[in-house]
Amino acid sequence: MKDWLILGRCVLGVVIFVVVLELCARVDDALSYGAPLSGPYSSENLFLQDQIGKRGRPGARYQKWRLNSLGYRGPELRSETIRIECIGASETFGLYEAEGREYPRQLERDLNSRARKDSFQVVNVALVGQTVATAALRVPETVDEIHPTIAIIYPSVADYIWLAWVRDNPVSSATSRMTDSGQPRVRIRIELRITERVGNLLKQALPQFVQTKLRQLVIDEDTVKNHYPIMDRVPNENVRRFQKDLLRLVAALRARGVEPVLVTHATVFGNLLPVRDWDLLVAWRKFYPMLREGGFLDMEQRMNDVIRAVASQEQILLIDASNEMPPGRKYFVDFSHFTTAGAEMMASLLADGLEPLIDARLSQGRLVAPSRPAELKKRH
Amino acid sequence: MNSQTLLYVVIVPVTWLLFWPLKASRSRQTLMLFTSYLLYASWGLRFLALLVFSSLLNYALGLCLRRRQSATRLWAGVILNIALLSTFKYLPAILPLLPGTSLEPVFAHIALPVGISFWTFQALSYLFDVYQGKNLEPSLLEFLLYMAFWPTVLSGPICRLSNLLPQFRESPKLSLEDVWCGLDRICIGLVMTALGQVLANGIHPGQGLDDAFHRSLPGGTGPDVWCLAIGYGFELFFNFAGYSHIVIGAARLFGIRLEENFARPYLATTPSEFWTRWHMSLSFWIRDYLFLPLVMVRREMWWRSAALVVSMIVFGLWHKGTVLFAMWGFYHGVLLVLHRKWQQSQRRFGWQLPHSIIGGLSWLITFGAISLGWILFRASSLSQALMMLRVVVTPSSYMSHMLPRNLYFVVCACVLGYFGTIGATSLCCRYNKLFNLPLEARFALYAVAVYVGILHAAETQAFIYFQF
């Protein structure tokens, strides 16, 4: 009887253990990030869906990611500054860098320290998973809100692997995930915050070959489930579509008096062939199961050629990050996302590249700072 | 958390489940040796090969010494062990400094086998003990286990065979007291290492002690240097004492009681007392196998002081073969000699101050001197260390501070928390109100410790003493 009692208390102890772990995670989130103690708390809190697609939720905050009152990552807009907007996807939005060290923030500090005054503000209008097509659709509202002088375009090219994911027209009705009030539907389910932490811990701790094996299983499962055809290389049609969308984005910016600057897409592999770090290609393919690992670098090369061609054709300043960013894990956490040091290097490359353009513009008197912050509409 | 830690988290509970049903001590030893080799191999198979080689070599040397206790055989063993240690630990650092050595490229890329300093000193202590005629007759299996014992092989405590051998040979029954005590120690260790990490990294990224040392403080001020020195002393203490708690607790889960490695070192009121409380397994090793034999060589007082300084320099160089560690050891040697001289002067001139005054003053001076020593231990370069020490003795540098306020806050909170915890524990002991928590409350506290120690900081820094 006594043994059963001890066993029962041990089981109760294990339940208490899990409950206290979860409580600790919630208190930690509340103290560190001001997260609510109860209710859902995930990166989805950062985003809304509108007719164009995903956009930042004004004033949202999740862990180190904070959006301003316009729904852009970073601080509120300041008056009397020359604004530069950064258009891109997760590489620009910032994933792994320390808080406030994503490359747009570092670029702002770099430019201001070169100017020896607080005259520039770099606005990060990128969103995770944003395509060039969606960015082109967003140009009117972002330009209205920010009044940028220069727009740096650092496109994530991989979404053009599968054209079904590239939307080029606003949808007429709200997406199925929206409620009538414009708020995402709250799915009622209990989510343990501790599971994400344990998952992250395992990601760090599992040996690379185990992680790669697991990823390969996910890729196989995803491919079968969604009936993806397997490609060795990205079709020419997709590359042409990327070019078309990029031209549209450039035209949209120019039509509103914003000077675009194009940046080629850098990866951890640089120009080193053959690839030594096959595991990273498998990790990349997990997001695009339809393209074989060997096709990713070919895609990068061809898409970057498109960026160079568009820059040359449209006489746009080109910053060749794919050639100038040093490859390797010091600067990249994974295939294409920066470490803090990588973001610093990228910011420095951009600042060097922008300097002649800014100097020329300044000498022509064509760099103007918007004077009144009040003219900026706040989104609610 | 890294792959190795995950392996420990998986393998140790499995071993524990397999260990207790085994009745024969030999079966238990075999299981523990298998686990130890499996875990050590996760750091590199070549490292494991080296450990096995060193174990076999020292076992053979021990057999020779047991047959005939000659100084020549002992010296041969000492030289072989030091040569092995030096090849991996000191040569790669020294060779680049020697002009025209063709061996430099060969040694430049040699990786330091994890724990080599710890298990080499364990092997040496075995040889010394056998030479001194201690009745140690381990079987090969027992000796291999002694050298590779998984809780201690990476970062100590440096064990003595005379302590472990009887425990290896016993077959104790599973005791709940051992389990709870082991889990308690592991959880205390997790919390302490988390505190060490808070000190290292700061509340906000880039505002911890590590960053402050990396930035090298071109215009550091007096308060900044003291904050860094005291803070680093506590960071090291929390990290290494926390690790020692985990190791001692893990061994206790298997019914094995290891020697303590720390005993409230910052309560020491003299430098010599400090060294009986800090990294005790190494300081007692140095005392027993280096200092005492050296002192026996001559009877003069100056020789005693010289032996003290030499022992402490070896203590410093054990950590790493750099000028800074040699200076750190020398500094502590000098402190010990000064303390000895002070005691002699007190006796000679009959100086007596009230205990309440001398106790507090003595603690303050010891704490300050020990803390200043950490500058030599942690500084990135000799020039940084000298610059920081220069700032300490410049009165004008005490008028301002440059480090972020929250770093001062974290350091103060950790220091006060440390002394507060000691005070609270002492009060509990005095009034015989030791914690006797119900099972459920224990699980809740374990959860807090696991969260704080593991889950909160998923990217934990490695234990500082792994590098030694």
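Not measured: the values here are computed from a predicted model. (Residues numbered from 1 in each chain as written. Chains lettered and ligands numbered in written order. Predicted model: local features only at pLDDT ≥ 70, side-chain atom pairs only at ≥ 80, totals over all residues. Heavy atoms only, no water.)

### Points about the pattern of salt bridges
Residues and elements named next belong to chain A. Counted under the stated rule, the structure contains 38 salt bridges over all chains. Between D110 and R114 there is a salt bridge whose closest N-O contact spans 2.9 Å. With D110 and R114 both in helix α3 (residues 103-115) and four residues apart, the pair spans about one turn of that helix. Here R114 falls in the partly exposed class, since its relative accessible area comes to 31%. The shortest N-O distance in the salt bridge between D232 and R292 comes to 2.8 Å. Remark: R292 occurs in the loop between α8 (278-285) and α9 (295-314) and D232 occurs in the loop between α6 (208-226) and α7 (236-255); sequence separation between them is 60 residues. It is possible to trace a salt-bridge network through shared partners that takes in D28, D29, R193 and R197. (Salt bridge = Lys/Arg side-chain N within 4 Å of Asp/Glu carboxyl O. Helix = DSSP H or I, 4+ residues; strand = E, 2+ residues; numbered from the N terminus. Buried < 20%, exposed > 50% of the residue type's maximum accessible area, 1.4 Å probe, protein only.)

### With respect to the interface of chain B and chain A
Each side of the interface is counted separately: chain B has 19 residues, and chain A has 22 residues. Surface buried jointly by chain B and chain A totals about 1,900 Å² across both partners, of which 75% is contributed by carbon and sulfur atoms. For the chain B face of the interface with chain A, the top three residues by lost area are E440, Y451 and L455 of chain B, together amounting to 33%. Put simply, chain B and chain A have one salt bridge between them. Residue E440 of chain B pairs with R9 of chain A through a salt bridge whose shortest N-O separation is 3.0 Å. (Contact = heavy atoms within 4.5 Å. Buried area = accessible area lost by both parts, 1.4 Å probe.)

### With respect to empty space enclosed by the protein
Under the definition given, this model contains four cavities of 30 Å³ or more. One number sums up the size of the largest cavity: a volume of about 120 Å³. Contributing to the lining of the largest cavity are 16 residues, with Y72, V125, Q130, R138 and T142 of chain A lying nearest its centre. Secondary structure elements with two or more residues in the lining of the largest cavity: β2 (54-56), β5 (82-88) and α4 (132-146) of chain A. With five residues, α4 of chain A is the largest single contributor of residues to the lining of the largest cavity. Its residues placed into classes, the lining of the largest cavity shows seven nonpolar, five polar and four charged. In this model, the second largest cavity occupies a volume close to 100 Å³. F19, Q167, F168, E170 and I256 of chain B are the residues nearest the centre of the second largest cavity, which is lined by 13 residues in total. Of all elements in the fold, only α2 (25-41) and α9 (161-169) of chain B reach the threshold of two or more residues within the lining of the second largest cavity. (1 Å grid on protein atoms, 1.4 Å probe; cavity = no way out; pocket = protein on both sides within 12 Å on 5 of 7 lines; lining within 4 Å. Points joined across faces, edges and corners; volume = space filled by probe spheres on them. Nonpolar A, V, L, I, M, F, W, Y, C, P; charged D, E, K, R; others polar.)

### Concerning the side chain of S311 of chain B
Residues and elements named next belong to chain B. Relative to the assigned elements, S311 resides in helix α15 (residues 301-319). Owing to a relative accessible area of 2%, S311 belongs among the buried residues under this scheme. What S311 contacts, discounting residues up to four positions off in sequence, is I286, L290, F291 and L294.

### Side note on the packing of aromatic side chains
If you walk through the whole model with that rule in mind, you get 63 aromatic pairs over all chains. Seen from their ring centres, Y41 of chain A and Y62 of chain A are 4.8 Å apart, and the 55° between their planes marks the pair as tilted. With Y41 of chain A in the loop between α1 (2-33) and β1 (47-49) and Y62 of chain A in strand β3 (residues 61-62), this pair connects stretches of sequence that are 21 residues apart. Y41 of chain A gets classed as buried once you look at its relative accessible area, which sits at 8%. A residue is classified by how much of its surface remains accessible, and Y62 of chain A, at 4% relative accessible area, is buried. Between W278 of chain B and W374 of chain B, the ring centres sit 4.9 Å apart and the planes meet at 45°, which makes this aromatic pair tilted. Here W374 of chain B lies in helix α17 (residues 355-378) and W278 of chain B lies in the loop between α13 (271-274) and α14 (280-297), a separation of 96 residues in the sequence. In this pair, the class of W278 of chain B matches that of W374 of chain B, namely buried. The ring of F47 of chain A has K54 of chain A sitting right over it, with the charged end atom 4.5 Å from the ring centre. The positively charged end of K286 of chain A is found above the aromatic ring belonging to F287 of chain A, 5.6 Å away from the centroid. (Phe/Tyr/Trp six-rings, centres within 6.5 Å; stacked < 30°, edge-to-face > 60°. Lys NZ or Arg CZ within 6 Å of the ring centre and 35° of its normal.)

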